[in-house]
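Understanding the architecture of this molecule
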Amino acid sequence: MPELPETETIARDLDGRVSGATIVDARVRKSDVLRGVTAAQFVKRLRGVDIVRSWRRAKLIIIDLSSNDRIVVQPRFTGALLIDEGGSLAADELRYSTLQLNLGDGRALHYRDIRRLGTVALMTAERYEAYAARLGIEPLDPAFSGAHLSGLLRGSRQAVKKVLMDQRLVAGIGNIYANEALWRARIDPSRASRTLSLDDAGRVRDALVSVLRESIAARGTSFRDYRDASGARGTFVESLAVYGRAGEPCPRCGKRLVGTHAIDGRMTVLCAQCQR
DNA sequence: AGGGGAACCCGTACGC
DNA sequence: TGCGTACGGGTTCCCC
């Protein structure tokens, strides 16, 4: 479940390891992950093109190419970008490879996706800009202040957790970090967004920024299938306070954490005693 | 318009 | 043990 910290980790890894490499050939094994291009077009537009840089926006990994195209990867649940240095990856990591880019130096970049709900699009720079214009503010942008978040929250009657996960408003927050940040900020996830005070919004903003930064430092949360570009796990799962811990004691007050699907159909975990 | 629900996909968990 | 089925999960699209 790559959210912001996990996609940031993948993008940084790729940027350090494949920038400057040439794609000599591409192979499509499962074309249903592709968006906006056919398998034949994908191969044709990538062959002979250089990788310029890799970076993150929202939960997307963007690979800039010398051709003015961008590969836009949305890993969803089980997607991963893996670099194979020629036998450096275990066979079961490559078992679910859907796309393979062969690089001029003999390495290969794979898009692995077990359940194939993730997507890979090939967009011109112009089409990417139009797509990205619909995404909300980056939570690690200096402009994402408590006052800014407060303005966003005041515009909705929905549960605050749902608003935090709305990619049109704030980009990159998914179920794990929404749960964690609201616990840190002591806010009940079911509270109507517009009822949060400026002080509440400031605490949520600070909690989001701190939990995202800490998770990036730990190379993300590997709850089930997330892997970095080398096939390794992130370690932030050990630092999660509430996600995946329903029934365990609240790390702050000791009361049993509650798990519910009532808010947005997603698993929400909270402490009913210290989140209000 | 904004919100609700289905579709996408398949490994895993669970029931018989 | 083996088979069948329900489930999950972010985003997009359709419909009301």
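Scroll up for the structure.
Residues numbered from 1 in each chain as written. Chains lettered and ligands numbered in written order. Predicted model: local features only at pLDDT ≥ 70, side-chain atom pairs only at ≥ 80, totals over all residues. Heavy atoms only, no water.

Take the sheet that holds strand β7 (residues 97-103) next. Pairing is mixed in the open sheet, where 9 strands are placed in the order β2-β9-β5-β4-β3-β1-β7-β8-β6. If you trace the sheet from one side to the other, it starts and ends with β2 (34-35) and β6 (79-84), each paired once. For strand β1 (residues 22-28) and β7, the ladder comprises 5 bridges, and the chain directions are antiparallel. Following the sheet pairing, V28 is matched in β7 by L99. Against the sheet, helix α2 (residues 39-46) touches β1, β2, β3 (49-57), β4 (60-65), β5 (69-74), β7 and β9 (119-124), its axis set at about 170° to β1. (Pairing = 2+ DSSP bridges. Helix = DSSP H or I, 4+ residues; strand = E, 2+ residues; numbered from the N terminus. Contact = heavy atoms within 4.5 Å. Axes fitted to C-alpha atoms, helices over the stretch in contact; angles between N-to-C directions.)

Counted by the stated rule, this structure contains 2 aromatic pairs. Aromatic pair W55 and Y128: ring centres 5.8 Å apart, planes at 85°, arrangement edge-to-face. A residue pair is termed long-range when its members are at least 10 positions apart, and W55 in strand β3 and Y128 in helix α4 (residues 125-132) qualify at 73 residues. Here the two residues W55 and Y128 agree in accessibility, since each one is buried. The ring of W183 has R252 lying over it, and the distance from NZ or CZ to the ring centre is 4.0 Å. (Phe/Tyr/Trp six-rings, centres within 6.5 Å; stacked < 30°, edge-to-face > 60°. Buried < 20%, exposed > 50% of the residue type's maximum accessible area, 1.4 Å probe, protein only. Lys NZ or Arg CZ within 6 Å of the ring centre and 35° of its normal.)

Glancing now at the protein's contact with DNA strand C. By nearness alone, every residue bordering DNA strand C is listed as K59, Q74, R76, F77, R115, L117, Y131, Q167, N175 and R266. In DNA strand C, the atoms that sit within 4 Å of the protein are 62% sugar and phosphate, with bases accounting for the remainder. Here R76 contributes a side-chain N or O atom positioned 2.6 Å from a base nitrogen of DNA strand C. Classifying every residue of the surface near DNA strand C by side-chain character gives 3 nonpolar, 3 polar and 4 charged. (Near = heavy atom within 4 Å. Polar contact = N/O pair within 3.5 Å; in protein donor to acceptor, adjacent residues only side chain to side chain. Nonpolar A, V, L, I, M, F, W, Y, C, P; charged D, E, K, R; others polar.)

Quick look at the nonpolar core now. Ranked by internal contacts, the top residues of the largest apolar core, which has 31 residues, are L14, F42, L46, L65 and I71. With 4 residues, the single largest contributor to this core is helix α1 (residues 4-18). Every residue in contact with I71, bar those within four places of it in the chain, is listed here: L46, I61, I62, I63, L65, L101, V120, A121 and L122. Core analysis: the next-biggest nonpolar cluster, separate from the first, contains 30 residues, A178, A185, A218 and L240 among them. (Core = buried A, V, L, I, M, F, W, Y, C linked by side-chain atoms within 4.5 Å.)

It is worth spelling out the side chain of H110 at this point. Along the chain, the position of H110 falls in strand β8 (residues 108-113). A polar atom in the side chain of H110 sits 2.9 Å from the side chain of S97.

Bringing the environment of I216 into the picture now. As for its placement among the helices and strands, I216 is situated in helix α8 (residues 198-217). When its relative accessible area of 13% is taken as the criterion, I216 is described as buried. If near-sequence neighbours (up to four positions away) are discounted, I216 is found in contact with L4, P5, E8, T9, R12 and L140.

A few words now on the protein's contact with DNA strand B. The immediate surroundings of DNA strand B are formed by D32, Y96, I114, R115, R116, L117, Q158, K162 and R224. Protein-proximal atoms of DNA strand B, defined as those within 4 Å of the protein, fall in sugar or phosphate at a share of 81%. Measuring from a phosphate oxygen of DNA strand B, one finds a side-chain N or O atom of D32 at 3.5 Å. Here R116 contributes a side-chain N or O atom positioned 2.2 Å from a phosphate oxygen of DNA strand B. Residue composition of the surface near DNA strand B, by class: 3 nonpolar, 1 polar and 5 charged.

What follows covers the environment of V52. Counting through the fold element by element, V52 comes out in strand β3. Looking at V52, the relative accessible area reads 47%, which means it is partly exposed. Sequence-wise, V52 and A11 are 41 residues apart; in three dimensions their C-alpha atoms are separated by 12 Å. Once residues within four sequence positions are removed from consideration, V52 is found in contact with S19, G20, D64, L65 and S66.

The values are spatial; any link to function lies outside them.
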